[in-house]
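Spelled out from the first residue to the last, the chains are:
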Amino acid sequence: THGVRTQHDSHIPPERALQKLKEGNARFVSGKVTSSFDFKPEHRTALAVHGQNPMAAVLGCADSRCPIETLFDVQAGDIFVLRNAGNTLS
């Protein structure tokens, strides 16, 4: 509807979210990504006005060479990303 997942989109069950992440990662590994990470001003506005509705939260590395959205072939707003450095979690 808005080009990104917002609170107006339906809930994705955890099993389906995991399946979508695995499928996206498989596309990335095979070099056949389908998402073009084209985050436009209207996407930022939609997320600000209509709220976020990510299908999953992902704890990933802070390394800038590994953007999580690219590794899972998703768009901005699809996942909530927490970046961490030094393999620490508490």
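Everything below is about the structure printed above this text.
Residues numbered from 1 in each chain as written. Predicted model: local features only at pLDDT ≥ 70, side-chain atom pairs only at ≥ 80, totals over all residues. Heavy atoms only, no water.

**A few points about helix 2 (residues 41-50)**
Turn by turn, an α-helix covers 3.6 residues, leaving residues three or four places apart pointing in a common direction.
Turning to step 1, where the next piece is worked out: When helix 2 is considered as a whole, its buried residues turn out to be His-43, Ala-46 and Leu-47. For helix 2, the angular spread of buried residues about the axis comes to 95°, placing them on one side. Exposed side of helix 2, more than 90 degrees from the buried face: Ala-48 and Val-49 are the residues found there.
Turning to step 2, where the next piece is worked out: Taken from the residues just after helix 2, Gly-51 is the one with a positive phi, measuring 80°. (Buried < 20%, exposed > 50% of the residue type's maximum accessible area, 1.4 Å probe, protein only. Helix = DSSP H or I, 4+ residues; strand = E, 2+ residues; numbered from the N terminus. Arc of directions from axis to C-beta.)

**Digging into the nonpolar core**
Turning to step 1, where the next piece is worked out: Core analysis: the largest hydrophobic core is formed by ten residues, namely Ile-12, Ala-17, Leu-21, Met-55, Ala-56, Val-58, Ile-68, Phe-72, Val-74 and Ile-79.
Turning to step 2, where the next piece is worked out: Those elements that place two or more of their residues in this core are helix 1 (14-30) and strand 1 (56-61).
Turning to step 3, where the next piece is worked out: Here Ala-17 is in contact with Ile-12 and Met-55, once residues within four sequence places are set aside. (Core = buried A, V, L, I, M, F, W, Y, C linked by side-chain atoms within 4.5 Å. Contact = heavy atoms within 4.5 Å.)

**Structural notes on the environment of Gly-24**
Turning to step 1, where the next piece is worked out: Along the polypeptide, Gly-24 turns up in helix 1.
Turning to step 2, where the next piece is worked out: Assessed through its relative accessible area of 0%, Gly-24 is described here as buried.
Turning to step 3, where the next piece is worked out: Remark: the alpha-carbon pair of Gly-24 and Thr-6, spanning 18 residues in sequence, is separated by 20 Å.

**Here we look at unusual backbone geometry**
Turning to step 1, where the next piece is worked out: Notably, Asp-73 is not glycine yet its phi reads approximately 50°, a positive angle.
Turning to step 2, where the next piece is worked out: If you trace the backbone, Asp-73 turns up in the loop between helix 3 (68-71) and strand 2 (79-84).

**Considerations on the environment of Phe-72**
Turning to step 1, where the next piece is worked out: Inspection of the secondary structure puts Phe-72 in the loop between helix 3 and strand 2.
Turning to step 2, where the next piece is worked out: Once the C-alpha coordinates of Phe-72 and Leu-21 are considered, the two residues, 51 residues apart in sequence, prove to be 5.6 Å apart.

**Some remarks on the side chain of Asp-78**
Turning to step 1, where the next piece is worked out: Tracing the sequence through the fold places Asp-78 in the loop between helix 3 and strand 2.
Turning to step 2, where the next piece is worked out: Here Asp-78 is buried and forms no salt bridge, its nearest opposite-charge partner Arg-5 lying at an N-O distance of 4.7 Å.
Turning to step 3, where the next piece is worked out: A polar contact of 2.8 Å, which involves the side chain of Asp-78, links it to the backbone nitrogen of Gln-75.
Turning to step 4, where the next piece is worked out: Beyond its immediate sequence surroundings of up to four residues, Asp-78 is in contact with Arg-5, Pro-54, Met-55 and Ala-56. (Lys, Arg positive; Asp, Glu negative; His and termini not counted. Salt bridge = Lys/Arg side-chain N within 4 Å of Asp/Glu carboxyl O. Polar contact = N/O pair within 3.5 Å; in protein donor to acceptor, adjacent residues only side chain to side chain.)

**Concerning the environment of Ser-35**
Turning to step 1, where the next piece is worked out: Here Ser-35 lies in the loop between helix 1 and helix 2.
Turning to step 2, where the next piece is worked out: A relative accessible area of 22% places Ser-35 in the partly exposed class.
Turning to step 3, where the next piece is worked out: Sequence separation of Ser-35 and Glu-69 is 34 residues, and the distance between their C-alpha atoms is 9.2 Å.
Turning to step 4, where the next piece is worked out: Ser-35 has contacts with Asp-73, Val-74 and Gln-75, leaving out every residue within four places of it along the chain.

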